[in-house]
Amino acid sequence: MPHYSNLTPEMTGEVKENGVPANNLPIHVISGNDSDHCEGKSAETTTNAQGEFYLAPLQRFNFTSVIMAHSFFPWSVCAKKDDTWFLLAKGESYALVDSGPMQKYQITCNKIQPATECKVNEVLLQKASSNK
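In short, a report on the structure. (Residues numbered from 1 in each chain as written. Predicted model: local features only at pLDDT ≥ 70, side-chain atom pairs only at ≥ 80, totals over all residues. Heavy atoms only, no water.)

**Some thoughts on the overall build of the protein**
Within the protein one finds zero helices and eleven strands. Counting from the amino terminus, helix and strand elements in the protein follow one another as β-β-β-β-β-β-β-β-β-β-β. For the protein, the residues scored as buried account for 34% of the 132 residues in total. Pairs at least 24 residues apart make up 63% of the contacts formed inside the protein by residues separated by at least 6 positions. As displayed, the protein offers around 8100 Å² of accessible surface, 50% of which is attributable to carbon and sulfur atoms. (Helix = DSSP H or I, 4+ residues; strand = E, 2+ residues; numbered from the N terminus. Buried < 20%, exposed > 50% of the residue type's maximum accessible area, 1.4 Å probe, protein only. Contact = heavy atoms within 4.5 Å. Areas by Shrake-Rupley, 256 points an atom, 1.4 Å probe, with all protein chains shown as cover.)

**A short note on the nonpolar core**
Burial of nonpolar side chains together is a common tendency in soluble globular proteins. Judged by nonpolar contacts, the single largest core of 21 residues is most densely connected at Met11, Val15, Ile27 and Val77. Those elements giving two or more residues to this core turn out to be β2 (10-17), β4 (26-31), β6 (52-55), β8 (70-81), β9 (84-96) and β10 (104-111). (Core = buried A, V, L, I, M, F, W, Y, C linked by side-chain atoms within 4.5 Å.)

Encoded structure:
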């Protein structure tokens, strides 16, 4: 049963430098756990005028399904400043192999260099209330 599965979770974020939004800053998410966290298969975007960005999950195409198998999916988020990529956040999600990570993360950064200051929070999805 051919299908797509996520390699990384969905991510939103905000990047500021000394309280000022980082406009038009290149951002990418990397799948994998290499020693250089900012190199590899990636999805890219740039920040808007408010320093905000959105990264859809990086996906892969699968020809077969694996029933109830779980795995770790490591990921890294990087920003490019002054022709150098800086690691903003990294983590790994534990998920079904057939779906991959389904979480959504919010990344908030107040400084990129020399010491990156970012927070990573999982966004909890709320179920619709059926109270009448």
